[in-house]
There are 2 protein chains.
Amino acid sequence: MGKGPYRQLQSNRITPNNVRISFIGAGNLATRLGIALKAAGHEFVQVYSRTEASAKSLADLLGAEPVVQPEAMLSDVPLYICALKDDALPEVLKKIQVGNGILVHTAGSLPLDALKPFAAKTGVFYPLQTFSKEREVDFGTLPIFLETKDKVVLYILKQLASDLGSAIYEISSAQRLQLHLSAVYACNFVNYLYTVSSDLLQEQQLPFEVLKPLILETAAKVQTHAPSSVQTGPAVRFDRTVMDKHLKLLDKHPELKTLYKDLSQGIFKRTKTSKK
Amino acid sequence: MGKGPYRQLQSNRITPNNVRISFIGAGNLATRLGIALKAAGHEFVQVYSRTEASAKSLADLLGAEPVVQPEAMLSDVPLYICALKDDALPEVLKKIQVGNGILVHTAGSLPLDALKPFAAKTGVFYPLQTFSKEREVDFGTLPIFLETKDKVVLYILKQLASDLGSAIYEISSAQRLQLHLSAVYACNFVNYLYTVSSDLLQEQQLPFEVLKPLILETAAKVQTHAPSSVQTGPAVRFDRTVMDKHLKLLDKHPELKTLYKDLSQGIFKRTKTSKK
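Residues numbered from 1 in each chain as written. Chains lettered and ligands numbered in written order. Predicted model: local features only at pLDDT ≥ 70, side-chain atom pairs only at ≥ 80, totals over all residues. Heavy atoms only, no water.

### Focus: empty space enclosed by the protein
Phase 1: Evaluated as defined, the whole model comprises 2 cavities of 30 Å³ or more.
Phase 2: Lining the largest cavity we find A:Ser228, A:Gln231, A:Ile267, A:Arg270, A:Thr271, A:Ser274, B:Tyr192 and B:Thr195.
Phase 3: The set of elements that each furnish at least two residues to the lining of the largest cavity consists of helix H8 (254-275) of chain A together with helix H5 (173-203) of chain B.
Phase 4: Of all the elements, H8(A) adds the most residues to the lining of the largest cavity, at 4 residues.
Phase 5: When its residues are assigned to classes, the lining of the largest cavity shows 2 nonpolar, 5 polar and 1 charged.
Phase 6: Quantified by volume, the second largest cavity comes out at close to 30 Å³.
Phase 7: If you trace the second largest cavity, you find it lined by A:Thr130, A:Cys187, A:Asn188, A:Asn191, B:Thr218, B:Lys221, B:Val230, B:Gln231 and B:Thr232.
Phase 8: Breaking the lining of the second largest cavity down by element, the ones donating at least two residues are helix H5 (173-203) of chain A together with helix H6 (212-221) of chain B. (1 Å grid on protein atoms, 1.4 Å probe; cavity = no way out; pocket = protein on both sides within 12 Å on 5 of 7 lines; lining within 4 Å. Points joined across faces, edges and corners; volume = space filled by probe spheres on them. Helix = DSSP H or I, 4+ residues; strand = E, 2+ residues; numbered from the N terminus. Nonpolar A, V, L, I, M, F, W, Y, C, P; charged D, E, K, R; others polar.)

### Comments concerning the relation of the copies chain A and chain B
Phase 1: Of the transformation placing chain A onto chain B, the axial shift is 0.0 Å and the rotation is 180°, giving an RMSD of 0.0 Å. A rotation of that kind, with that shift, is consistent with a two-fold axis. By C-alpha distance to the rotation axis, the residue of chain A lying nearest is A:Val190, at 2.7 Å.
Phase 2: Of the residues that chain A buries at the interface, 100% are likewise interface residues in chain B, meaning the two copies contact each other through the same surface. (Least-squares fit on C-alpha atoms with pLDDT ≥ 70 in both. Contact = heavy atoms within 4.5 Å.)

### Details of the sheet that holds strand E3 (residues 43-48) of chain B
All names here are of chain B.
Phase 1: In spatial order, the strands read E1-E9-E8-E7-E6-E5-E2-E3-E4; together these 9 strands make up an open sheet with mixed pairing. Across the chains shown, the open sheet's two edge strands, defined by having one partner strand only, are strand E1 (7-9) and strand E4 (65-67). With direction set aside, neighbouring strand axes in the sheet form an average angle of 25°.
Phase 2: Looking at chain direction, E1 and strand E9 (residues 167-170) are connected through 3 bridges and run antiparallel. Across the sheet, Leu9 pairs through a bridge with Ile168, a residue of E9.
Phase 3: Against the sheet, H5 contacts strand E6 (102-105), strand E7 (121-127) and strand E8 (143-147), and its axis sits at roughly 25° relative to E7. (Pairing = 2+ DSSP bridges. Axes fitted to C-alpha atoms, helices over the stretch in contact; angles between N-to-C directions.)

### Here's the deal with the interface of chain A and chain B
Phase 1: Taken together, the contact between chain A and chain B spans 96 residues of the former and 96 residues of the latter.
Phase 2: When the two sides are added together, the surface that chain A and chain B hide from each other amounts to roughly 9200 Å², 64% of it contributed by carbon and sulfur.
Phase 3: Three residues, A:Arg135, A:Gln178 and A:Tyr185, lead the burial of chain A against chain B; their summed loss comes to 8% of the area buried on that side.
Phase 4: For B:Glu217, the salt bridge identified is with A:Arg135, shortest N-O distance 2.6 Å.
Phase 5: For the pair chain A and chain B, the number of links is 40 residue pairs in polar contact (both at pLDDT 80 or more).
Phase 6: Elements with a minimum of two residues in the side of chain A that touches chain B: strand E8 (143-148), H5, helix H6 (212-224), helix H7 (240-249) and H8 of chain A.
Phase 7: In terms of residue count, the dominant contributor to the side of chain A that touches chain B is H5(A) (28 residues). (Buried area = accessible area lost by both parts, 1.4 Å probe. Salt bridge = Lys/Arg side-chain N within 4 Å of Asp/Glu carboxyl O. Polar contact = N/O pair within 3.5 Å; in protein donor to acceptor, adjacent residues only side chain to side chain.)

### Thoughts on the pairing of strand E9 (residues 167-170) of chain A
Walk down a regular strand and you will see the side chains alternate between the two sheet faces.
Residues and elements named next belong to chain A.
Phase 1: Bridge analysis of E8 against E9 gives 4 bridges, and the strand direction is parallel. Bridged to Phe145 within E9 is Tyr169.
Phase 2: For the crossover from E8 across helix H4 (residues 151-164) to E9, the handedness is right-handed. (Right-handed = clockwise from strand over helix to strand, strands pointing away.)

### Digging into the pattern of salt bridges
Phase 1: A full pass over the atoms with the stated rule returns 24 salt bridges over all chains.
Phase 2: As a salt-bridge pair, A:Glu170 and A:Arg7 come within 2.4 Å of each other at their nearest N and O atoms. Separated by 163 residues along the polypeptide, A:Glu170 in strand E9 and A:Arg7 in strand E1 (residues 7-9) bring together distant segments of the chain.
Phase 3: By relative accessible area, A:Glu170 is classed as buried at 17%.
Phase 4: A:Arg7 sits in the partly exposed class, given a relative accessible area of 31%.
Phase 5: One salt bridge in this structure joins B:Lys269 and A:Glu255, with 2.8 Å as the shortest N-O distance. Note that B:Lys269 is positioned in helix H8 (residues 254-275) and A:Glu255 in helix H8, a pairing that runs across two chains.
Phase 6: Overall, the relative accessible area of 39% leaves B:Lys269 in the partly exposed class. (Buried < 20%, exposed > 50% of the residue type's maximum accessible area, 1.4 Å probe, protein only.)

### As for the confidence of the model for chain A
Phase 1: Considering every residue of chain A, the mean pLDDT works out to 93; 96% of them sit at 70 or more.
Phase 2: Scored as a whole, the predicted complex attains pTM 0.92, and scored at its interfaces, ipTM 0.92. (pLDDT = per-residue confidence, 0-100.)

### Thoughts on the state of the cysteines
Phase 1: Under the counting rule described, the total for this entry stands at 0 disulfides over all chains.
Phase 2: The thiol of A:Cys187 is not disulfide-bonded; the next cysteine sulfur, from B:Cys187, is found 18 Å away.
Phase 3: Overall, the relative accessible area of 5% leaves A:Cys187 in the buried class. (Disulfide = S-S within 2.5 Å.)

### As for the sheet that holds strand E6 (residues 102-105) of chain A
Residue and element names in this part refer to chain A.
Phase 1: Pairing is mixed across the open sheet formed by 9 strands, whose spatial order is E1-E9-E8-E7-E6-E5-E2-E3-E4. A single partner strand is all that each edge strand has here, and the edge strands are E1 and strand E4 (65-67). Averaged over all adjacent pairs, the angle separating strand axes in this sheet is 25°, with direction ignored.

Shown next, in the form of structure tokens:
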């Protein structure tokens, strides 16, 4: 058990019961999760995607049947993992009969209740990572967040997560949405700042290469220190001389200028708060 | 030689001539650079800091004499490395006689010319990294940016950088300022986003721990891919359903809300540009 209002669960990797699974969706997350679950010994029945190439490509990897019509999904599979975009989910799920099967989704931003109209046994299986189809992911290093109201579903999802070697947490839909928001800051917005820095270097014909050690070290530092405790840069001391030089360079990028000012203000305020 | 208007220099680690060095400044960068240069066999004469404890602490590490009065700095040392804050630099340097010595600074945001009033032989030695006094830094993985108008100075600075095993670039003051600005985005602003994500997690009593694998993977991805090519998240497709849920959670943080909107707009626009 962990502290706080979430539960950190212990692995139950005791009974190597293979689960038969169908995938609804064949994007980045489905691809990486499917490969990892197959490697852990689970079996795949069907893979649905409205794009034939995607359905076929993941189905081939998993030894499953590709499906492009939701109505063609079999209803006798024990577990359906739905990894569709939030908006597409209801449209597709209302055409799929899951019988007595368990239906889980993998989204940070969707409540458990979103599955209620489509199955009796539902759950959430949310692995927190940024996934690309081509890039290997070590599930053993990442956390998986579970939610369900059903004890049998919890048992099975816990076993799947244990098979992947992941840290397992049980959290609420509200917590998961906030977690998803935090991840947008820590991953999506961070990656955008990398893009901005790369674009700025290019203006002076300098290679992005030179920033890579700094980027790695910045991420490595917060593995062992609270990020607020290792904040550096001109905004910490609100060093106007340096900041004005930077702002002048951004004259031709009004949006980056606004971002620079807002982020610097944020750093300065947050630094004052920490010192209190 | 590299491509572009900068020069990437080859190492000249042939003559193991040890250089006698005095440090002006004893902060994070001076500490880590001093330790690395000492390990490479160089010798230290004096360390100046207006704070006695800082001067003593670094001087002890380097086997040098601590100095708190700039006037007490000896003028017969071959190399003076100045690692003061930009604003403090002129005040301190006008009180230090460097004789025939070489005077270099280590700042991203200061032009080479800032040293002109204080020495005949000047240069810049700018290692690009985020430094903490307590955290070891492998200079072999980071780039050092040199600037000087003097061939002898260039030879010596190149040798120092070679001794540290760093990649060596020769760039102009204008390029260095832009590089510094890029580093503010890629390091200081990124670290602030880590802080924001940590604060948001804390509101739901979730541990920052759970984001660490995501943070590492996000930094690792751009070591091999252009950041614009691996951008993910709701803003890429301007997914209003998800973004509105996130914005609602930020109702009590108007500044974070503005940041969320501006960063999302930035991602969306930049994604459209890349696809053109």
